[in-house]
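Overview (structure and organization)
Next come the chains, spelled out residue by residue.
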Amino acid sequence: MNDVKELDPTVVLGTGLLGASVGAALTRAGVTVHLSDAVLSHARVAETLGAGTTAKPDPAAVRLVVVATPPRSLAAVIGEALDRYPNAAVTDVGSVKGRVLRQLQATGRDLSRYLGSHPMAGSQHSGPVSASPDLFCDRTWAVTPHREVTEATADRVRALIRLCGARYVAFTPQEHDSAVAQVSHLPQLVSVLMADHLLGIPSSHLALAGQGLRDVTRIAGSDPGLWEQIIAGNVDALRPELEAVRAHLDEMIAALDDPTHRVRPILQRGVNGTRQIPGKHGAPAMDYGHLVIEIPDTPGALAQLFRDIADAGVNIEDIDIQHDLVRQVGYLEVAVEPGHVREVSEAMTAAGWKLT
Ligand SMILES: NC(=O)c1ccc[n+]([C@@H]2O[C@H](COP(=O)([O-])OP(=O)(O)OC[C@H]3O[C@@H](n4cnc5c(N)ncnc54)[C@H](O)[C@@H]3O)[C@@H](O)[C@H]2O)c1
Ligand SMILES: O=C(O)C(=O)C[C@]1(C(=O)O)C=C[C@@H](O)C=C1
């Protein structure tokens, strides 16, 4: 059976950022998606954006249910879905897996049709308006098998991940929760601590904020209501990670007594840490070369810049756009393979662009 038939029709419960994005990806692939949300207007907005229909399905015909509600409600909504859709596989996209599974097991339900999952893709924005069918493209999507789950259930969740364009990876629920404490929940809290610190800084000083500050505080803008629930669901894995960061902070403060000898090794460890992060398509991390190009605030400037880079015959690996509100210009940071930096720089300068 092909993936579309395997999942047609699908129900999405909770049509915020994640649910509407799943709906949009499956709808684009050709699956009929039925949308439902505790707040009817969220489901209606998701419908308007092409994530599916708010029409009710025939419960017996439903082949997959994707639960994308906030963490605290997940176990109850998953349990109800198992009861209401007797022939469906049920998955959820919650950020913490162990607690939800334990809560479901405590209900005594047959969990052979439930397989938890977690796409490692999202944003600091909530709600269906920020949803995109491309949210999961080339992202890792973890599944967390347990003793009762059947192969038929796992097949449907794998089909979901493929249709969303993501990369499947399996973890035990416990391993998953330890891993996300390290690579998702700790970074979130560190970003929050940094952003919180800004509240005590004079606004005249904040005028000097550059890209570095924006980089480390982006995710601090995420919904506190959602993150409170994520943290509460993973405190055991998170506590030792935060304690380790506290020890590193103390080490950094102590190093200031002898910066010439003691700061550099810590900075180098930071560089080494960034190299641990996998690169595109799950490949090993790659050190890209970066160029920053000034973009005037005129219509079509960005499109022209992309054309000029394409004309130089170089592949853009990543981009980041920032605006200087004082000078009314933008800056495009372009990542290219290291060997191509000089070539693109020369081509851009020759085409009249200002590199900074
Ligand atoms: N935001 C991210 O970056 C991200 C990434 C991966 C996974 N997740 C997980 O995905 C889930 C959803 O997160 P989100 O960012 O889409 O949140 P969101 O706030 O954008 O959407 C949640 C939606 O669920 C609805 N809802 C709440 N309780 C409900 C209930 N009992 N029944 C039906 N609908 C209900 C809300 O009205 C809302 O529309 C969370 O469990 C979160 O841990 C989030
Ligand atoms: O890109 C972001 O904004 C995210 O923080 C997404 C992110 C993460 O990568 O940590 C956040 C929480 C989720 O559970 C999964 C993904």
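Everything numeric in this text was worked out from a predicted model, so none of it was measured.

Below, the discussion takes up the site of ligand 1. As a structural note, the neighbourhood of ligand 1 is formed by 26 residues, with Asp-37, His-42, Thr-69, Ser-95 and Gly-127 the closest of them. Interatomic distance of 2.6 Å between a side-chain N/O atom of His-42 and an oxygen atom of ligand 1. Between ligand 1 and Thr-69 there is a distance of 2.8 Å, counted from an oxygen atom to a backbone nitrogen or oxygen. When the free accessible area of ligand 1 is taken as 830 Å², the share hidden by the protein chains comes to 84%.

With that settled, the discussion passes to the packing of helix α11 (residues 235–255) against helix α12 (residues 259–276). Two elements in contact, α11 and α12, have axes whose closest approach is 8 Å; the angle formed by their N-to-C orientations is 150 degrees. Seen from α11, the contacting residues are His-248, Glu-251, Met-252, Ala-254 and Ala-255; seen from α12, they are Pro-259, Arg-262, Val-263, Ile-266 and Arg-269. Considered class by class, the residues forming the contact of α11 with α12 number 6 nonpolar, 1 polar and 3 charged.

Residue Pro-9 follows Asp-8 across a cis peptide bond; omega there is 5 degrees. Mapped onto the secondary structure, Pro-9 falls in the loop between α1 (3–7) and β1 (10–13). A positive phi angle, close to 65 degrees, is found at Asp-138, a residue other than glycine. Overall, the relative accessible area of 28% leaves Asp-138 in the partly exposed class.

Let's shift gears to the site of ligand 2. Lining the immediate environment of ligand 2, one finds Ser-95, His-118, Pro-119, Met-120, Ala-121, Gly-122, Ser-123, Gln-124, Ser-184, Arg-218, Ile-219 and Trp-227. At 2.7 Å from an oxygen atom of ligand 2 is found a side-chain nitrogen or oxygen belonging to Ser-95. Between Ser-184 and ligand 2, the recorded distance is 2.6 Å, taken from a side-chain N or O atom to an oxygen atom. A total of 370 Å² of accessible area belongs to ligand 2 in isolation, and the protein chains cover 82% of it. For the shell around ligand 2, the class distribution of residues is 5 nonpolar, 6 polar and 1 charged. There are two domains that each give the shell around ligand 2 at least three residues, and those are domain 1 (3–171) and domain 2 (177–255).

As assigned here, the protein chain comprises domain 1 (3–171), domain 2 (177–255) and domain 3 (289–355). For domain 1 versus domain 3, the distance between C-alpha centres works out to 39 Å.

Turning our attention to the sheet that holds strand β3 (residues 64–67). Sheet architecture is open: 4 strands sit in the order β2-β1-β3-β4, paired in parallel fashion. With partners counted over all chains shown, the strands left at the sheet margins are β2 (33–36) and β4 (89–92), one partner each. Geometrically, the sheet is characterised by an average inter-axis angle of 20 degrees between neighbouring strands, direction not taken into account. Bridge count between β3 and β4: 4 bridges; the pairing is parallel. Each bridged residue has a counterpart across the sheet, and for Val-67 the counterpart in β4 is Asp-92. Each of β1, β3 and β4 is contacted by helix α4 (residues 74–84), which is oriented at about 165 degrees to β4, the strand it contacts most.

Read from one edge to the other, the open sheet built from 3 strands follows the order β5-β6-β7, with strand pairing classed as mixed. Looking at the sheet topology across the chains shown, the edges are occupied by β5 (116–119) and β7 (167–170). Each neighbouring strand pair of the sheet contributes to a mean axis angle of 25 degrees, computed without reference to strand direction. As judged from the 4 bridges shared by β5 and strand β6 (residues 140–144), these two strands associate in the antiparallel manner. Its bridge partner lying in β6, Gly-116 is registered against Thr-144. Set on the sheet, helix α6 (residues 151–163) makes contact with β5, β6 and β7; between it and β6 the angle comes to about 170 degrees.

Conventions used here
Per chain, residues are indexed from 1 in the order of the written sequence. Each chain takes a letter, starting from A, and each ligand takes a number, starting from 1, following the order in which they are written. Only residues with pLDDT of at least 70 are given local features in this predicted model, and only at 80 or more are side-chain atom pairs given and counted; all residues enter the totals for whole chains, interfaces and linings. As a rule here, side-chain values come from all non-hydrogen atoms in the structure, and water together with hydrogens is ignored. When at least one non-hydrogen atom of a residue lies within 4 Å of a molecule or strand, that residue is treated as near it. We define a polar contact as two N or O atoms separated by no more than 3.5 Å, with the added condition that, inside protein, one atom must be a possible hydrogen donor and the other a possible acceptor, whereas residues neighbouring each other in sequence contribute only through side-chain atom pairs. All accessible-area figures derive from a Shrake-Rupley calculation using a 1.4 Å probe, and residue coverage is judged against the displayed protein chains alone. In this description, a line fitted to the C-alpha atoms serves as the axis of each element, helices being fitted only across the stretch in contact, and the angle between N-to-C directions of two axes falls anywhere from 0 to 180 degrees. We count a stretch as a helix when DSSP gives it H or I for four or more residues in a row; a strand needs E for two or more, and each element gets its number in order from the N terminus. The contact criterion used throughout is that any non-hydrogen atoms of two residues lie within 4.5 Å. Put simply, Ala, Val, Leu, Ile, Met, Phe, Trp, Tyr, Cys and Pro go in the nonpolar bin, Asp, Glu, Lys and Arg in the charged bin, and everything else, Gly too, in the polar bin. Partly exposed describes any residue whose relative accessible area lies between the buried limit of under 20% and the exposed limit of over 50%, with all areas from a 1.4 Å probe on protein chains only and scaled to the type maximum. Per the annotation, domain bounds derive from an automatic or database assignment of domains. Paired strands, as defined in this entry, are two strands with at least two bridges between them according to DSSP.

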